[in-house]
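For reference, the chains in residue letters:
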Amino acid sequence: MKDNRLTVNLAGLKLANPTILASGILGYSAETLESIVAGGAGAVVTKSVGLKPRVGYANPTVVQVDCGLINAMGLPNPGIGEFVKEIRQAKKVLNVPLIVSVYGFSEEEYAAVSKKAADAGADALELNVSCPHVKETGSEIGQKPEILSKVVKTVKDAVDKPVFVKLSPNVTSIADIAEAAAKTGADALTAINTVKAMAIDPETTMPILGNKFGGLSGSAIKPIAVRCVYDIYERVKVPIIGCGGIADWRDAVEFFLAGASAVQIGTAIATKGSNVFRTVTRGLNAYLKRKGFKNVGEIVGLSHRY
Ligand SMILES: Cc1cc2nc3c(=O)[nH]c(=O)nc-3n(C[C@H](O)[C@H](O)[C@H](O)COP(=O)(O)O)c2cc1C
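Residues numbered from 1 in each chain as written. Predicted model: local features only at pLDDT ≥ 70, side-chain atom pairs only at ≥ 80, totals over all residues. Heavy atoms only, no water.

Colleague: Provide a residue-level description of the sheet that holds strand β12 (residues 213-217), including the pertinent values.
Modeller: An order of β5-β6-β12-β11 is seen for the four strands of this open sheet, with the pairing classed as antiparallel. Unpaired on one side and paired on the other, β5 (62-65) and β11 (195-198) mark the two borders of the sheet. For this sheet the average axis-to-axis angle between neighbouring strands, irrespective of direction, equals 40°. Two strands pair when backbone bridges link them, and strand β6 (residues 68-71) and β12 are joined in this way by three bridges, in the antiparallel orientation. From the neighbouring strand, L69 faces β12, where its bridge partner is S217. (Pairing = 2+ DSSP bridges. Helix = DSSP H or I, 4+ residues; strand = E, 2+ residues; numbered from the N terminus. Axes fitted to C-alpha atoms, helices over the stretch in contact; angles between N-to-C directions.)

Colleague: Give a detailed account of the nonpolar core, specifying residues and quantitative values.
Modeller: Within the largest apolar cluster, 102 residues are counted, with the highest numbers of intra-cluster contacts made by I20, V100, Y110, L127, V165, L189 and I232. Not counting the four nearest positions on each side in its chain, V100 is found in contact with T46, V49, F83, I87, A117, A122, A124, L125 and E126. (Core = buried A, V, L, I, M, F, W, Y, C linked by side-chain atoms within 4.5 Å. Buried < 20%, exposed > 50% of the residue type's maximum accessible area, 1.4 Å probe, protein only. Contact = heavy atoms within 4.5 Å.)

Colleague: Give a detailed account of the environment of D160, specifying residues and quantitative values.
Modeller: Residue position: D160 is located in the loop between α5 (145-158) and β9 (163-167). As for D160 and A118, which are separated by 42 residues in sequence, their C-alpha atoms are 8.1 Å apart.

Colleague: Talk me through the environment of Y287; I want residue IDs and the actual numbers.
Modeller: In this structure, Y287 sits in helix α10 (residues 276-291). Separated by 268 residues in the primary sequence, Y287 and T19 place their C-alpha atoms 15 Å from one another. Sequence-distant contacts of Y287, that is, excluding residues within four places in its chain, are made with W249, V253, L257 and I299.

Colleague: Could you give an account of a nonpolar patch on the surface, naming the residues involved and the relevant values?
Modeller: Side chains of M198, I200 and F213 sit close together on the surface and give an oily, nonpolar patch of about 270 Å² of accessible area. Mapped onto the elements, I200 comes out in the loop between β11 and β12. By relative accessible area, which is 51% here, I200 ends up exposed. (Patch = residues over 30% accessible without salt bridge, like charges linked within 9 Å, V, L, I, M, F, W, Y side chains within 5 Å. Areas by Shrake-Rupley, 256 points an atom, 1.4 Å probe, with all protein chains shown as cover. Salt bridge = Lys/Arg side-chain N within 4 Å of Asp/Glu carboxyl O.)

Colleague: Please set out the site of the ligand residue by residue, giving values where relevant.
Modeller: Lining the immediate environment of the ligand, one finds 21 residues, of which S23, S48, K166, G245 and T267 sit closest. Between the ligand and G245 there is a distance of 2.7 Å, counted from an oxygen atom to a backbone nitrogen or oxygen. Within the contact set of the ligand, an oxygen atom lies 3.0 Å away from a backbone nitrogen or oxygen of G266. Summarising the interface, the protein chains cover 95% of the accessible area of the ligand, which totals 610 Å² for the free molecule. Of the pockets mapped on this structure, the ligand occupies the largest pocket. In terms of residue class, the shell around the ligand is made up of six nonpolar, 13 polar and two charged. (Near = heavy atom within 4 Å. Polar contact = N/O pair within 3.5 Å; in protein donor to acceptor, adjacent residues only side chain to side chain. 1 Å grid on protein atoms, 1.4 Å probe; cavity = no way out; pocket = protein on both sides within 12 Å on 5 of 7 lines; lining within 4 Å. Sits in = over half its atoms within 2 Å of the grid points. Nonpolar A, V, L, I, M, F, W, Y, C, P; charged D, E, K, R; others polar.)

Colleague: Can you break down the pattern of salt bridges residue by residue, with the values?
Modeller: Summed over the entire model, instances satisfying the criterion amount to ten salt bridges. For the salt bridge of K85 with E82, the shortest nitrogen-to-oxygen distance reads 3.0 Å. Placement of the pair is K85 and E82 together in helix α2 (residues 80-93), with a separation of three residues, close to one helical turn. For K85, a relative accessible area of 48% corresponds to the partly exposed category. Because the salt bridges share partners, they merge into one network encompassing D176, E179 and R235.

And the structure:
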């Protein structure tokens, strides 16, 4: 009999295992996404794409710190007009759900990009309302519940694919923002995007990143992300996708116990390669078997009993 311990139905998407490539860590190409699937990912999210092409910020755009990475890429992307070709190609070669990450400078832009991505074959959309370093998009939208609600509603009216909303930890109450997104129709919530941060070089005395500020990712943010997932789970009923510092199966289990139904992995790919997905799923499977659980869904939110 086939083993179904790791299968999940995430807002209608059927995943063979609950690990997903996080947005932005790798390029846009269908080949890169294919290599991640070969590494064992159950689904992939593309880098965020907007209406028009963007060059992004001047280098350096990424700096390694003791406990992770700080990046301020500035959302470089070819624009949805060009990117639809890559979506169509990816749909031909990938045998896992393809989630397209979308950003915009207004609700109409979010909706226009989402519609083009959905028409090209995206299985779901993930709205990036949490980029911490580009003005008038990202967390500037995700910090304001009224504006976020309008964005979610306009996108939901424009597409008939599941809409995920990726939340920022750079807010006073992530549960308030999650509730606003869920009330206006978000099918799932991704928590979290990067934490606003900076690094300064003592020798030159200069901020290191071209943009001065960026977003911290990797193991440093895992406890923050686990707390965010826990908070959101207490407040809303829609599925949560945990993200932030996951590098091994124990990290993933922690997120499921806090309330995540699936997890995304980003920075760990830089240190462990794309096989990190396989290592995490194998460890997770062994854990579930050892504890007598028949499906990963049985451990979602378990830590809330205490
Ligand atoms: C270099 C880099 C680029 C990123 N680009 C995006 C992006 O385009 N859109 C987005 O929603 N998140 C982006 N992120 C955030 C990640 O998707 C993820 O939320 C964050 O890195 C935390 O997960 P991790 O610790 O597993 O990397 C980026 C992260 C990094 C390190």
